[in-house]
Amino acid sequence: MNEISNAELVVLNLLWQRGALTSAQAVEALQQTDAGKDWHEKTIKTLLSRLVKKQAIGFEKQGRGYCYFPLLEQESYQRQASHSFIDRLFSGRLAPLVAGFAKDKSLTAEDAAELQKLLDEWKDNNA
């Protein structure tokens, strides 16, 4: 999959949250967000076009406009992006990432409990 820029991800997140939107609806919604408040209509339409070319979103013609919808599943993208990030920054090892959060006290007790549950399930499935 082609890499998705931060700006493109803002648009994709909107489509994941709201589902199919016309370009006018996407422009209006994005201009109400912190990330997109300074974006012009042409900028947003360019981002939509890039996402279509990357096959992250699809579109259907509706009258004189287009309706855009996600083709890429959010969970699938997050998994792929997470693996790519960990590979690039931590040589594919997850432990140093988690250790960094623990050292910075960014890891909450709730996070630790969730991680422990995931580890226990992993152990049960891989025993």
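Residues numbered from 1 in each chain as written. Predicted model: local features only at pLDDT ≥ 70, side-chain atom pairs only at ≥ 80, totals over all residues. Heavy atoms only, no water.

(A) Broad picture of the packing of aromatic side chains. Counted by the stated rule, this structure contains five aromatic pairs. Measuring from centroid to centroid gives 6.0 Å for Trp 16 and Tyr 77, while their planes differ by 40°, and the two rings are tilted. With Trp 16 in helix α1 (residues 6–18) and Tyr 77 in helix α4 (residues 74–90), this pair connects stretches of sequence that are 61 residues apart. We classify Tyr 77 as buried; its relative accessible area is 10%. Where Tyr 66 meets Tyr 68, the ring centres are 6.4 Å apart and the plane angle is 45°; that geometry is what we call tilted. (Phe/Tyr/Trp six-rings, centres within 6.5 Å; stacked < 30°, edge-to-face > 60°. Helix = DSSP H or I, 4+ residues; strand = E, 2+ residues; numbered from the N terminus. Buried < 20%, exposed > 50% of the residue type's maximum accessible area, 1.4 Å probe, protein only.)

(B) Local environment of the environment of Asp 120. With respect to the secondary-structure elements, Asp 120 resides in helix α6 (residues 109–125). Residue class for Asp 120 comes out partly exposed when judged on its relative accessible area of 34%.

(C) Spotlight on the nonpolar core. If you look at the biggest cluster of nonpolar residues, it comprises 21 residues, and the most contacted ones within it are Ile 4, Val 11, Leu 12, Leu 48, Leu 51 and Ile 57. If you list the elements that add at least two residues to this core, you get α1, α2 (23–30) and α3 (41–53). Residue contributions to this core peak at five residues, all from α1. (Core = buried A, V, L, I, M, F, W, Y, C linked by side-chain atoms within 4.5 Å.)

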